[in-house]
Amino acid sequence: MPEYIAKQPEPFRSKLEELRALILSVAPDATESVSYKVPCFRYLYWLVGMGVTKKYCSLYIMGTAVTNKLKEEGVEVEGSTIHFSPDKPLPVALIKRIVRDRMKENEARAIAKMRRQG
């Protein structure tokens, strides 16, 4: 993932570095990988991802329950992605909440899977 970030032009690079550090501060046990050319974090299952387009940074929310909840609250979510410009980053509290909610969602999914198997 650091390679992906290093290839991005400023100011995208520094925003992705901040976003990566923030995600890992909330989910220190998450593993990092690249899937479909997108840097992703995994905690039991896919947690969140991040990337850039020509104009925006993106936070990929890999769970419909969290995405739907955000839409209901009026957060601008396109599909399951929040786009933001480097000069107008997402609020830290929002990112932390998204990561925590996705962790809870993944934990519940893992528990349900264990119950089915066992």
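Residues numbered from 1 in each chain as written. Predicted model: local features only at pLDDT ≥ 70, side-chain atom pairs only at ≥ 80, totals over all residues. Heavy atoms only, no water.

Visitor: I'd like a description of the packing of helix H2 (residues 12–26) against helix H4 (residues 92–117), backed by residues and values.
Guide: Taken N-terminus to C-terminus, the directions of H2 and H4 make an angle of 45°; their axes are 9 Å apart at the nearest point. With respect to their mutual orientation, H2 and H4 come out oblique. Crossing angle aside, the handedness with which H2 passes H4 is right-handed. In this structure, H2 uses Leu-19, Leu-22, Ile-23 and Val-26 to contact H4, whose residues at the interface are Val-92, Ile-95, Lys-96, Val-99, Arg-100 and Met-103. (Axes fitted to C-alpha atoms, helices over the stretch in contact; angles between N-to-C directions. Helix = DSSP H or I, 4+ residues; strand = E, 2+ residues; numbered from the N terminus. Parallel < 35°, antiparallel > 145°, perpendicular 65-115°, else oblique. Left-handed = near helix turned anticlockwise from the far one by under 90°. Contact = heavy atoms within 4.5 Å.)

Visitor: Could you give an account of the packing of aromatic side chains, with specific residues and numbers?
Guide: On inspection of all chains with the given rule, the structure shows 0 aromatic pairs. The ring centre of Trp-46 lies 5.0 Å from the NZ or CZ of Arg-42, which sits over that ring. Arg-109 extends its terminal NZ or CZ atom over the ring of Tyr-45, reaching a point 3.8 Å from the ring centre. (Phe/Tyr/Trp six-rings, centres within 6.5 Å; stacked < 30°, edge-to-face > 60°. Lys NZ or Arg CZ within 6 Å of the ring centre and 35° of its normal.)

Visitor: Kindly report on the packing of helix H3 (residues 64–72) against H4, identifying the contributing residues and their values.
Guide: The interhelical angle for the contact between H3 and H4, taken along N-to-C directions, is 140°, at an axis separation of 9 Å. Pair H3 / H4 crosses with right-handed handedness. Facing Thr-64, Ala-65, Val-66, Lys-69 and Leu-70 of H3, the residues of H4 in contact are Leu-94, Arg-97, Ile-98, Asp-101, Arg-102 and Glu-105. Of the residues contributing to the contact of H3 with H4, the split by class is 5 nonpolar, 1 polar and 5 charged. (Nonpolar A, V, L, I, M, F, W, Y, C, P; charged D, E, K, R; others polar.)

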